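Residues per chain, in single letters:
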Amino acid sequence: MLIPFLFWSIINYLCSLYAVVFLDITDSALKSFLVRVVNAGWVDTFSPNHLFKIFLPVLMTVAPPMSLKLILDIIRASTRTLRLERDNLNLEVDFLRSQLNPHFLFNTLNNIYSLSIRNDSLASDLIMHLSEMMRYTLYDSNTEMVPLHLEAEFLKNYIELESVRYGKNASIRFDCDTEKMDGYQIAPLLMFPFVENAFKYSHSTTTDKCWIHASMDVSDNKLKFEISNSKGELPEGKKIAGGIGLSNTRKRLILLYPDQHILFIENNPEYYKVVLTLTLN
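Keep in mind that this is a model prediction, so the values were computed, not measured.

What follows covers the packing of aromatic side chains. Applying the stated criterion to the full structure yields five aromatic pairs. Measuring from ring centre to ring centre gives 5.1 Å for Tyr-18 and Phe-22, while their planes differ by 35 degrees; the resulting arrangement is tilted. On the criterion of helical spacing, the pair formed by Tyr-18 and Phe-22 is a turn pair, its members being four residues apart in helix 1 (residues 2–22). Accessibility expressed as a relative area gives 48% for Tyr-18, which makes it partly exposed. Between Phe-154 and Phe-192 the ring centres are 5.5 Å apart and the planes differ by 65 degrees, which places this aromatic pair in the edge-to-face class. Highlighted residues: Phe-154 in helix 7 (residues 148–166) and Phe-192 in helix 8 (residues 192–203), separated in sequence by 38 residues.

Spelled out as structure tokens, the structure:
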């Protein structure tokens, strides 16, 4: 801001000097003012008093372009921030897709192989569930928003596959009416970390019979997802790695559904419970 004021003062002095020396000024008041400016010299030109006098004219000249530049800089910074947040969300979704890791696929294929040897008709059902899950993660979820009923079907298929691995020693239930979800959209794989977390912790404890109860319901543009699982003491020396998926889900909820979600998590010694209430657009 100081440079325009100094530049303006120099221009004023040089113009006044040119007018006094080379122009025939008939207006006595104007000529007296110009002579006074020239006689004051460079010292007065750069004095604080003179700079204060030209403050408003300079400000009125400089303010519009500087304000425009400031606004453009703010817009560019905001756009860059939003782009980085969007890229970060895409990376988090890719991370969630990678949660269908080889370990899960290995166990599922082993189950299918064992059932196929016994000619169990359940093998064909497992293949269908696995196929639907792979199609969803590879193709259907490659958009910012997906139909809610497809997200529910994905969770249902995952739970069905894991239920086979748990067998009769586990009580696993998923209550969901997909017909009520037509016309609604949701961010893909938003609730998957909660489901995966429930199976991981329930299966890794020393309880005699584990249980996982989940439900998903839509009413008046509000989605309520609830899942709870049993807990117990971990076997000695065993630790459960994780937490990244849940942390990313919290970030995605804040970025995608600001002031449109309520996430409640209850972590007790005997059970773990998650309740997510989401306002759907």
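Back to the text.
Let us now look at helix 7. Here helix 7 is 19 residues long and its end C-alpha atoms lie 27 Å apart, about the 27 Å a rise of 1.5 Å per residue gives. Turning to helix 7, its buried residues are Leu-148, Glu-151, Ala-152, Phe-154, Leu-155, Asn-157, Tyr-158, Ile-159, Leu-161, Glu-162 and Tyr-166. Positioned one or two residues after helix 7, Gly-167 has a phi angle of 75 degrees, which is positive.

Our next topic: the packing of helix 6 (residues 122–140) against helix 7. The geometry of helix 6 relative to helix 7 is characterised by a closest axis approach of 9 Å and an angle of 140 degrees between their N-to-C directions. The pairing of helix 6 with helix 7 is recorded here as oblique in orientation. Helix-helix and strand crossings are classified by hand; for helix 6 and helix 7 the assignment is left-handed. For the pair helix 6 and helix 7, the contacting residues are Leu-122, Leu-126, His-129, Leu-130, Glu-132, Met-133, Tyr-136, Thr-137 and Asp-140 in the first and Leu-150, Glu-151, Phe-154, Asn-157, Tyr-158, Glu-160, Leu-161 and Val-164 in the second. Taken together, the residues of the contact of helix 6 with helix 7 break down into 10 nonpolar, three polar and four charged.

This next bit is on the environment of Tyr-257. Locating Tyr-257 in the fold gives a position in the loop between helix 9 (244–256) and strand 6 (261–267). When the C-alpha atoms of Tyr-257 and Asn-281 are compared, they prove to be 9.5 Å apart, with 24 residues separating the residues in sequence. Polar side-chain contacts of Tyr-257 include one of 3.2 Å to the backbone nitrogen of Ala-187.

Let's shift gears to unusual backbone geometry. One non-glycine residue with positive phi stands out, namely Leu-189, at about 60 degrees. With respect to the element layout, Leu-189 can be found in the loop between strand 3 (185–186) and helix 8. On the accessibility criterion, Leu-189 (1% relative accessible area) is buried.

Let us now look at the side chain of Thr-249. Residue placement: Thr-249 occurs in helix 9. Those residues within four positions of Thr-249 in sequence are excluded, and the remaining contacts are Leu-190, Pro-193 and Phe-194.

We now examine the pattern of salt bridges. Counted according to the given criterion, the structure contains six salt bridges. For the salt bridge of Lys-69 with Asp-73, the shortest nitrogen-to-oxygen distance reads 3.0 Å. Here Lys-69 and its partner Asp-73 are both found in helix 4 (residues 55–97), four residues apart, which amounts to about one turn of the helix. You can call Asp-73 partly exposed: its relative accessible area is 31%. Of the charged contacts, one joins Asp-175 and Arg-173 as a salt bridge, the two residues approaching to 3.2 Å between their closest N and O atoms. For Arg-173, a relative accessible area of 41% translates into the label partly exposed. Through salt bridges with shared partners, a single ionic network connects Lys-69, Asp-73 and Arg-76.

Before going further, it helps to examine the pairing of strand 4 (residues 210–219). Side-chain alternation along strand 4 places Cys-210, Ile-212, Ala-214, Met-216 and Val-218 on a buried face and Trp-211, His-213, Ser-215, Asp-217 and Ser-219 on a face that remains uncovered. Inspection of the sheet shows strand 2 (residues 170–176) paired to strand 4 by seven bridges, in the parallel sense. If you follow Asp-175 over to strand 4, its bridge partner there is Ser-215. The antiparallel pairing of strand 4 with strand 5 (residues 222–230) creates a hairpin that spans two residues between the two strands, and Asp-220 there sits at a positive phi of about 55 degrees.

The next subject is helix 6. Relative to the 27 Å expected for 19 residues at 1.5 Å per residue, helix 6 spans 26 Å between its end C-alpha atoms, a close match to the ideal helical length. If you check which residues of helix 6 are buried, you get Ala-123, Leu-126, His-129, Leu-130, Met-133, Tyr-136 and Thr-137. Angular distribution of buried residues about the axis of helix 6 spans 155 degrees; they occupy a single face of the element.

Here is what the cut-offs are and how they apply
- Residues numbered from 1 in each chain as written.
- Predicted model: local features only at pLDDT ≥ 70, side-chain atom pairs only at ≥ 80, totals over all residues.
- Heavy atoms only, no water.
- Phe/Tyr/Trp six-rings, centres within 6.5 Å; stacked < 30°, edge-to-face > 60°.
- Helix = DSSP H or I, 4+ residues; strand = E, 2+ residues; numbered from the N terminus.
- Buried < 20%, exposed > 50% of the residue type's maximum accessible area, 1.4 Å probe, protein only.
- Expected span 1.5 Å × (residues − 1).
- Axes fitted to C-alpha atoms, helices over the stretch in contact; angles between N-to-C directions.
- Parallel < 35°, antiparallel > 145°, perpendicular 65-115°, else oblique.
- Left-handed = near helix turned anticlockwise from the far one by under 90°.
- Contact = heavy atoms within 4.5 Å.
- Nonpolar A, V, L, I, M, F, W, Y, C, P; charged D, E, K, R; others polar.
- Polar contact = N/O pair within 3.5 Å; in protein donor to acceptor, adjacent residues only side chain to side chain.
- Salt bridge = Lys/Arg side-chain N within 4 Å of Asp/Glu carboxyl O.
- Pairing = 2+ DSSP bridges.
- Arc of directions from axis to C-beta.

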